[in-house]
Amino acid sequence: MSGVKAGENIAFMMNFVCDFIDERMDRLSFELDFNHYLNEKYDGMYRENHEAAEVFADRIGDIVDMSSKMTDDEFRDALCDPYDLVLDILKGSAY
């Protein structure tokens with residue numbers, strides 16, 4: 001996330017998702033903890049950047065909810081687009 005300004009809550013969630021995408025975290029840990037962390041961090045994320053928070057809740061959350069039908073690689077690939085969208089939002093270059 002170099003060169004991107006994110007508050008501590010969004011940065012935490014971005015790092016959490018990135019750790020799974022980059023295979024530094026196993027799938028079980030990611031799936032078990034994602035919703036917990038999203039619930040814990042959402043209000044702070046919304047204050048930091050409401051658009052980024054909504055992408056996490058809607059797009060990334062939906063992918064996590066549907067992940068049981070995906071292989072690990074499909075799951076990681078599916079997370080990349082909304083992850084990149086959050087980066088673009090934080091850079092001010094989305095839409």
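Refer to the structure above for everything that follows.
A.B. asks: What is the right way to look at the packing of aromatic side chains in this model?
C.D. replies: Throughout the structure, instances matching the rule amount to nine aromatic pairs. Ring geometry for F16 versus F30: centroids 5.1 Å apart, planes at 20 degrees, classification stacked. Here F16, found in helix α1 (residues 8–21), pairs with F30, found in helix α2 (residues 27–48); they are 14 residues apart in sequence, far enough to count as distant. A relative accessible area of 7% places F16 in the buried class. Aromatic side chains F20 and F75 sit 5.0 Å apart centroid to centroid with 55 degrees between the ring planes, which places their arrangement in the tilted category. With F20 in helix α1 and F75 in helix α4 (residues 72–91), this pair connects stretches of sequence that are 55 residues apart. Judged by relative accessible area, which is 0%, F75 ranks as buried. Seen from the ring of F12, K41 lies directly overhead, with NZ or CZ sitting 4.5 Å from the centre.

A.B. asks: I tried to follow the nonpolar core on my own but got confused; where do I start?
C.D. replies: The nonpolar side chains of a soluble globular protein tend to be buried, and buried together. One finds F30, F34, F56, F75 and L79 to be the most contacted residues of the largest nonpolar core, which totals 29 residues. Elements supplying a minimum of two residues to this core: α1, α2, α3 (50–65) and α4. Not counting residues within four places of it along the chain, the set of residues in contact with F30 comprises F16, V17, F20, M25, V64, F75 and L79.

A.B. asks: How do you make sense of α4 when you look at a structure like this?
C.D. replies: Over its 20 residues, α4 extends 29 Å from the first C-alpha to the last, a length consistent with the 28 Å expected when each residue adds 1.5 Å. A maximum bend of about 25 degrees is found in α4 at C80, where proline P82 lies one to four positions downstream. Within α4 the residues assigned to the buried category are F75, R76, L79, P82, Y83, L85, V86, L87, I89 and L90.

Rules used throughout
Residues numbered from 1 in each chain as written. Predicted model: local features only at pLDDT ≥ 70, side-chain atom pairs only at ≥ 80, totals over all residues. Heavy atoms only, no water. Phe/Tyr/Trp six-rings, centres within 6.5 Å; stacked < 30°, edge-to-face > 60°. Helix = DSSP H or I, 4+ residues; strand = E, 2+ residues; numbered from the N terminus. Buried < 20%, exposed > 50% of the residue type's maximum accessible area, 1.4 Å probe, protein only. Lys NZ or Arg CZ within 6 Å of the ring centre and 35° of its normal. Core = buried A, V, L, I, M, F, W, Y, C linked by side-chain atoms within 4.5 Å. Contact = heavy atoms within 4.5 Å. Expected span 1.5 Å × (residues − 1). Bend = angle between axes of the 7 residues up to and from the residue.

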